[in-house]
Amino acid sequence: ILPLRILCADGEYADGVDIHGADIYRRLRAGELPQTSLPAGQEVERILRRIGGEGYDGVVAVMLSSGLSGTYNLVRLAAEECGELLPIRVFDSLSGSLGQGLTVLQLAEDIRNGMGWEELTERRVPQLIQNTYPFFTLDTLEYLQKGGRIGKVTALAGTMLQIKPVLTFADDGQLQSIAKV
């Protein structure tokens, strides 16, 4: 797991390592707006080199949508630097945590069932990504607005009218609204 960096008023944290969801929600309720940031390039290379040193056969990295984060591109570049150690394939999930997580869980099962590298990386991963369609809603538009995904007027109007958009990912990995309930 390669954690994103979470930038807070009192410092920088590694997501899921020294800051967790409950901590972030507590900060949001207190009025703070933590920001995410890419992992350090050196950290990506360190992890890939460690994996290579531990004798693994290869790395299949399924990254957060490139439409939401530069992590995919960062890991792809690091993989080029570390590619002499072992085969590394980096994939853009074109999805958020739900789609990314489901893809990784299915790949783990495929590996346990003996699926080979070629089948896994050339056919299975692309098939899973292409056929993953996560949909979700939000209780509030506040953080979409604060994060710059929607304007203040849209957020205000949506809140006043109690509009809760159904969101998914476009083909380019950007968030898109498909319906309003």
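Details of the structure are given in the entry above.
Every value quoted in this text rests on a predicted model; they were computed, and no experiment measured them.

1. Quick word on the layout of surface pockets
Part 1 of the reasoning: Approximately 260 Å³ is the volume attributed to the second largest pocket.
Part 2 of the reasoning: Along the walls of the second largest pocket sit 13 residues, with Leu144, Ile150, Thr154, Pro165 and Ser177 positioned nearest its centre.
Part 3 of the reasoning: Of the residues in the lining of the second largest pocket, the class split is seven nonpolar, four polar and two charged.

2. Side note on the environment of Tyr56
Part 1 of the reasoning: Checked against the element boundaries, Tyr56 lands in the loop between helix 2 (41-53) and strand 4 (59-63).
Part 2 of the reasoning: Under the relative-accessibility criterion, Tyr56 is labelled exposed at 52%.
Part 3 of the reasoning: Beyond its immediate sequence surroundings of up to four residues, Tyr56 is in contact with Ile51 and Leu86.

3. Considering the pairing of strand 7 (residues 165-169)
Part 1 of the reasoning: Among the five residues in strand 7, five count as buried, and that is most of the element.
Part 2 of the reasoning: Where burial is concerned, the two faces of strand 7 agree: the one with Pro165, Leu167 and Phe169 and the one with Val166 and Thr168 are both buried.
Part 3 of the reasoning: Relative to strand 7, strand 6 (residues 136-137) is paired through two bridges, and the arrangement is antiparallel. The partner of Thr137 across the bridge, within strand 7, is Val166.

4. Observations concerning the packing of aromatic side chains
Part 1 of the reasoning: Tallying each qualifying case throughout the model produces one aromatic pair.
Part 2 of the reasoning: Measuring from ring centre to ring centre gives 6.3 Å for Phe136 and Phe169, while their planes differ by 45°; the resulting arrangement is tilted. Remark: Phe169 occurs in strand 7 and Phe136 occurs in strand 6; sequence separation between them is 33 residues.
Part 3 of the reasoning: Classification of Phe136 as partly exposed rests on a relative accessible area of 28%.

5. Considerations on a nonpolar patch on the surface
Part 1 of the reasoning: On the surface, Leu98, Leu102 and Leu105 cluster together into a nonpolar patch covering about 310 Å² of accessible area.
Part 2 of the reasoning: Position of Leu102 relative to the elements: it lies in helix 4 (residues 97-112).

6. What about the environment of Glu80?
Part 1 of the reasoning: Structurally, Glu80 is set in helix 3 (residues 71-82).
Part 2 of the reasoning: The sequence separation of Glu80 and Leu107 amounts to 27 residues, and the corresponding C-alpha distance is 22 Å.

7. Considerations on the nonpolar core
Part 1 of the reasoning: Counting residues in hydrophobic clusters, the biggest one holds 15 residues, and the most contacted among them are Val44, Leu48, Val59, Ala61, Val75, Ile88 and Val90.
Part 2 of the reasoning: If you list the elements that add at least two residues to this core, you get helix 2, strand 4, helix 3 and strand 5 (88-92).
Part 3 of the reasoning: Among the elements that make up this core, the one with the highest residue count is helix 3 (five residues).
Part 4 of the reasoning: Excluding its chain neighbours within four sequence positions, the residues that come into contact with Val44 are Leu2, Pro39, Leu74, Val75 and Ala78.
Part 5 of the reasoning: Of all hydrophobic cores here, the second largest spans seven residues; its members include Val62, Phe91, Leu107 and Leu128.

Cut-offs used in this document
- Residues numbered from 1 in each chain as written.
- Predicted model: local features only at pLDDT ≥ 70, side-chain atom pairs only at ≥ 80, totals over all residues.
- Heavy atoms only, no water.
- 1 Å grid on protein atoms, 1.4 Å probe; cavity = no way out; pocket = protein on both sides within 12 Å on 5 of 7 lines; lining within 4 Å.
- Points joined across faces, edges and corners; volume = space filled by probe spheres on them.
- Nonpolar A, V, L, I, M, F, W, Y, C, P; charged D, E, K, R; others polar.
- Helix = DSSP H or I, 4+ residues; strand = E, 2+ residues; numbered from the N terminus.
- Buried < 20%, exposed > 50% of the residue type's maximum accessible area, 1.4 Å probe, protein only.
- Contact = heavy atoms within 4.5 Å.
- Pairing = 2+ DSSP bridges.
- Phe/Tyr/Trp six-rings, centres within 6.5 Å; stacked < 30°, edge-to-face > 60°.
- Patch = residues over 30% accessible without salt bridge, like charges linked within 9 Å, V, L, I, M, F, W, Y side chains within 5 Å.
- Areas by Shrake-Rupley, 256 points an atom, 1.4 Å probe, with all protein chains shown as cover.
- Salt bridge = Lys/Arg side-chain N within 4 Å of Asp/Glu carboxyl O.
- Core = buried A, V, L, I, M, F, W, Y, C linked by side-chain atoms within 4.5 Å.

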